[in-house]
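Listed here are the chains, written in short residue letters.
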Amino acid sequence: MLVDQDDIEYFNILLETNIFVDVKEMTRYSRADALTLAEKIEKDSILFYSHLASVLKGLADEELKIILAEEKKHLKYLDKVNI
């Protein structure tokens, strides 16, 4: 199965522009900022893995399902902590 070039470029952009590229960025946030950022990261992860699952249909379906379930658990946890 070949992956479409547009999908490859999309995933490369997501991977190159994430918050973890610059470690200095991670040290300047308060607890509230960190929780807000963590929520955004979890949402972005869910979008990323959902798109990846749609691109790789039939490949690693079960693994991606497990990853998505974990990311959703993280988001629910953050929602409880951020009340």
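Residues numbered from 1 in each chain as written. Predicted model: local features only at pLDDT ≥ 70, side-chain atom pairs only at ≥ 80, totals over all residues. Heavy atoms only, no water.

## Remarks on the overall build of the chain
Under the convention used in this document: Secondary structure elements are taken from DSSP: a helix is a run of H or I of four residues or more, a strand is a run of E of two residues or more, and numbering for both begins at the N terminus. Note on classification: 1.4 Å probe, protein chains only; a residue is buried when its accessible area is under 20% of the maximum for its type, exposed when over 50%, partly exposed between these limits. We call two residues in contact when some of their heavy atoms are within 4.5 Å. Only the protein chains shown count as cover for residues, and the accessible areas themselves come from Shrake-Rupley with a 1.4 Å probe.
When its secondary structure is counted, the chain shows four helices and zero strands. The order of α-helices and β-strands along the chain, N terminus first, is α-α-α-α. Within the span of the chain, comprising 83 residues, buried residues form 16% of the whole. Within the chain, counting contacts between residues at least 6 apart in sequence, those at least 24 apart form 66% of the total. Carbon and sulfur atoms make up 60% of the accessible area of the chain, which totals about 6500 Å².

## Quick notes on the pattern of salt bridges
What counts here: Salt bridge, as used here: a side-chain nitrogen of Lys or Arg that lies within 4 Å of a carboxyl oxygen of Asp or Glu.
For the coordinates displayed, the defined rule picks out three salt bridges. Lys40 is paired through a salt bridge with Asp44; the nearest N and O atoms lie 2.8 Å apart. Of this pair, Lys40 and Asp44 both sit in helix 3 (residues 31–55), four residues apart, which is roughly one turn of the helix. Note that Glu70 and Lys73 form a salt bridge whose closest N and O atoms lie 2.9 Å from each other. One end of the pair, Glu70, and the other, Lys73, are both in helix 4 (residues 61–81), three residues apart, so they sit about a helical turn from each other.

## A look at unusual backbone geometry
Positive phi is not limited to glycine here, since Ala60 has a value of about 60 degrees. Note on placement: Ala60 falls in the loop between helix 3 and helix 4.

## Side note on the packing of aromatic side chains
This is how the line gets drawn: Pairing of aromatic rings covers Phe, Tyr and Trp, the last through its six-membered ring, and needs centres within 6.5 Å; plane angles under 30 degrees mean stacked, over 60 mean edge-to-face, and all others mean tilted.
Tallied over the entire structure, the rule returns one aromatic pair. When the centroid spacing of 5.2 Å and the interplanar angle of 85 degrees are considered together, the rings of Phe48 and Tyr49 count as edge-to-face. Using a relative accessible area of 23% as the deciding quantity, one classes Tyr49 as partly exposed.

## Some remarks on helix 4
As a reminder, the rule being used: Here, expected helix span is obtained from the residue count minus one, scaled by 1.5 Å. Taken from the helix axis, the directions to the C-beta atoms give the arc we talk about.
Across its 21 residues, helix 4 extends 30 Å between first and last C-alpha, which sits within 8% of the 30 Å expected from 1.5 Å per residue. All of the buried residues in helix 4 are Leu64, Leu68, Glu71 and Leu78. The arc that holds the buried residues of helix 4, viewed along the axis, is 80 degrees, so those residues lie on one side. Those residues of helix 4 that are exposed and angled more than 90 degrees off the buried face are Lys65, Ile66, Lys76, Tyr77 and Lys80.

## Some thoughts on the packing of helix 3 against helix 4
The cut-off we apply is this: Lines fitted to C-alpha atoms define the axes, with helix axes restricted to the stretch in contact, and inter-axis angles between N-to-C directions lie between 0 and 180 degrees. Small angles under 35 degrees read as roughly parallel and large ones over 145 as roughly antiparallel, with 65 to 115 read as roughly perpendicular and the rest as oblique. Note: crossing handedness is left-handed where the near helix turns anticlockwise from the far helix by less than a right angle, and right-handed where it turns clockwise. Residue classes follow a fixed rule: Ala, Val, Leu, Ile, Met, Phe, Trp, Tyr, Cys and Pro count as nonpolar, while Asp, Glu, Lys and Arg count as charged, and any other residue, Gly among them, counts as polar.
Across the interface, helix 3 lies against helix 4 with an axial gap of 9 Å and an inter-helix angle of 160 degrees. With respect to their mutual orientation, helix 3 and helix 4 come out roughly antiparallel. By crossing handedness, the relation of helix 3 to helix 4 is classed as left-handed. Residue-level contacts link Arg31, Leu35, Ala38, Glu39, Glu42, Lys43, Ser45, Ile46, Tyr49, Ser50, Leu52 and Ala53 of helix 3 to Leu64, Ile67, Leu68, Glu71, Lys72, His74, Leu75, Leu78 and Val81 of helix 4. A class-by-class count of the residues in the contact of helix 3 with helix 4 yields twelve nonpolar, three polar and six charged.

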